[in-house]
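Below, each chain spelled out in residue letters.
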Amino acid sequence: MWHKVAEVSELGPGEVGTVYVGTRELAVCNLDGTYHAVTGLCPHQGGSLGDGYLDGHRLVCPLHGWTFDVRTGEAGEPMQPGRVNTFPVKVEDGGLWVEVPDDFQQP
């Protein structure tokens, strides 16, 4: 199901923000005008990825520096276990919409 989570104007190029779909926290990123959404909590120790920053296409967790590719959800380092879920994003009428399955459970 698609959910409107923000206005495009709220997330400039290179910015990351936290949004909620119900009680589920997501991180939304503007990677040079292309928007990406991933699980909002780092699988390492639950840091809020929406408080992190982009280093190229990698989202850096603010707690311990773990990184995740916002395009695929894959961990940034070979020795770093885990990944984050990715969600489709669309822009419609100036809004950012994220498709989150109704049965998605926050890890």
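Check the entry above for the structure.
Read on for a plain summary of the structure. Note that the coordinates shown come from a computational prediction; the quantities given were computed from them, not determined experimentally.

Each value, and the rule that gives it
- Residues numbered from 1 in each chain as written.
- Predicted model: local features only at pLDDT ≥ 70, side-chain atom pairs only at ≥ 80, totals over all residues.
- Heavy atoms only, no water.
- Helix = DSSP H or I, 4+ residues; strand = E, 2+ residues; numbered from the N terminus.
- Buried < 20%, exposed > 50% of the residue type's maximum accessible area, 1.4 Å probe, protein only.
- Contact = heavy atoms within 4.5 Å.
- Pairing = 2+ DSSP bridges.
- Axes fitted to C-alpha atoms, helices over the stretch in contact; angles between N-to-C directions.

So, about the side chain of H36. Structurally, H36 is set in strand β4 (residues 34-39). A residue is classified by how much of its surface remains accessible, and H36, at 15% relative accessible area, is buried. If sequence neighbours within four positions are ignored, H36 has contacts with A27, V28, C29, L31, V70, R71 and V89.

A few words now on unusual backbone geometry. Phi at D32 takes a positive value of approximately 55 degrees, unusual for a residue other than glycine. The residue D32 is located in the loop between β3 (24-31) and β4 in this model. Even without being glycine, D93 reaches a positive phi, approximately 50 degrees.

Before going further, it helps to examine the sheet that holds strand β9 (residues 89-92). Spatially, three strands are ordered β1-β10-β9 in an open sheet, and the strand pairing comes out antiparallel. Lying at the two open borders of the sheet, with one neighbouring strand each, are β1 (2-7) and β9. Put simply, the sheet's adjacent strands are angled 35 degrees from each other on average, direction ignored. In the sheet, β9 pairs with strand β10 (residues 95-99) via four bridges, with the strands oriented antiparallel. Considered in β10, the bridge of V91 is made with L96.

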